[in-house]
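Structure assessment
Listed below, chain by chain, are the residues.
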Amino acid sequence: MTTEPHSTAPETEVSERPKTYLPAAIRAMRPRQWVKNVLVLAAPLTAGRIFEPTVLGHVALAFVAFSLISATIYLINDATDVAEDRLHPTKRFRPIAAGELSVPAAYVLAAICCALALGLGFWTAKMLGVVLAVYFVLQLLYTQFLKNQPILDLAMVASGFLLRMIAGGVATYIELSAWFLLVAAFGSLFMVAGKRYSEMHALGSDAGTRKSLKAYTISYLRFAWHLSAAITLMSYCLWAIGGPVAQGQPAPATGLWGIPWLVISIIPLTIGLLQYALEVDKGDAGEPEDVVLRHRALQVSGLLWMICLVLGIFFK
């Protein structure tokens, strides 16, 4: 076992390596973050086709392919940032930064994951392969060149969330509406701006050790995630109230039991956004997937939102 890298983190930060039984190679692929890949379900769900066997099968393949291609980027990113990560209070425990997985081994593993992801993507649907390739190129540009460029680094990270949602549509040959793309794009920006805000809030004076944070101020990032949250919620409201009508579909005013479930879904979505925003403001949203996995109230809001969506989409 290698000696722990020296850290200048304050005593209140994490000071012990998290206990885990997973091999270093698997942990370096960040399986906890694969939860973000459930976003491939978004397009088939909102289109009301998620329960079709063929669609469900293609979505499952898209999930696996995106998990592999995102693991590729995580490996490359951690191998590239190994020096900076060793100065971070929590990231220093990642397998590559901690010396449990060598940098050359990480690059070899990344190449294998990339080949498997692209092969599976193009085999499932040509456009899925294209989306995976675009994701890889954009995230590689981010990792190598753009991560220290203000604004562009937010856009690049947000594109990862957006492309996951687009992947679910192209993998199942579902046309993506303008409302869907607006909610997906600005919802992604909300998550990323909140992530950066939380990082600055949590690190405080140590934020200077992360080059991507040097160009930002707390007030600017707060403005960015406030603005993106407002546009996300407004776009969703327009879709829930009048989006289907604008696309020539029946109005969602009368659903199961005569209740406008899509309109009602605005309530748990708003509550969920407020709950997540509270975590951001406390500096606890540095890893969005961790917030979702540990926050029970947020999970309840998400479940209620999902129930309203299902009732509104599948029980007209």
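Conventions and cut-offs
- Residues numbered from 1 in each chain as written.
- Predicted model: local features only at pLDDT ≥ 70, side-chain atom pairs only at ≥ 80, totals over all residues.
- Heavy atoms only, no water.
- Helix = DSSP H or I, 4+ residues; strand = E, 2+ residues; numbered from the N terminus.
- Buried < 20%, exposed > 50% of the residue type's maximum accessible area, 1.4 Å probe, protein only.
- Contact = heavy atoms within 4.5 Å.
- Areas by Shrake-Rupley, 256 points an atom, 1.4 Å probe, with all protein chains shown as cover.
- Core = buried A, V, L, I, M, F, W, Y, C linked by side-chain atoms within 4.5 Å.
- Domains from an automatic or database assignment.
- UniProt positions renumbered as here; feature names shortened; annotations may be inferred.
- Patch = residues over 30% accessible without salt bridge, like charges linked within 9 Å, V, L, I, M, F, W, Y side chains within 5 Å.
- Salt bridge = Lys/Arg side-chain N within 4 Å of Asp/Glu carboxyl O.
- Expected span 1.5 Å × (residues − 1).
- Bend = angle between axes of the 7 residues up to and from the residue.

Now for the overall build of the protein chain. Scanning the protein chain from terminus to terminus reveals 14 helices and 0 strands. Its helices and strands in sequence order give the protein chain the pattern α-α-α-α-α-α-α-α-α-α-α-α-α-α, from N to C terminus. Here the protein chain holds 316 residues, and the buried ones make up 48% of them. Considering only contacts within the protein chain whose residues lie at least 6 apart along the sequence, 74% involve residues at least 24 apart. When the accessible area of the protein chain is evaluated, it comes to approximately 15100 Å², of which 71% is carbon and sulfur surface.

Let's shift gears to the environment of Ala185. Along the chain, Ala185 falls in helix α8 (residues 178-203). Separated by 25 residues in the primary sequence, Ala185 and Gly160 place their C-alpha atoms 9.9 Å from one another.

Looking at soluble globular proteins, one finds that nonpolar side chains tend to be buried together. Judged by nonpolar contacts, the single largest core of 69 residues is most densely connected at Phe66, Ile69 and Leu128. Both domain 1 (20-175) and domain 2 (177-315) contribute no fewer than three residues apiece to this core.

A separate point is the UniProt feature "transmembrane region" (unreviewed entry) in the protein chain. Per the UniProt annotation, the sites labelled "transmembrane region" (unreviewed entry) are residues 57-76, 97-118, 124-142, 219-242, 254-276 and 297-315. This span, residues 219-242, is 100% helix and 0% strand, and a straight line between its end C-alpha atoms measures 34 Å. Taken end to end, residues 297-315 has its terminal C-alpha atoms 26 Å apart, with 95% of it in helix and 0% in strand.

A cluster of nonpolar side chains, namely Phe122, Met127, Val130 and Val134, defines an oily patch on the protein surface of about 320 Å² accessible area. A per-element tally of the nonpolar patch places helix α6 (residues 126-146) first, with 3 residues. Of note, Phe122 is situated in helix α5 (residues 103-124).

It is worth spelling out helix α7 (residues 152-171) at this point. Taking 1.5 Å of rise per residue, the 20 residues of α7 would be expected to cover 28 Å, and the 27 Å separating its terminal C-alpha atoms lies within 8% of that figure. Along its length, α7 shows its largest kink, about 25°, at Gly160. Taking burial as the measure, the 20 residues of α7 include 17 buried ones, the bulk of the element.

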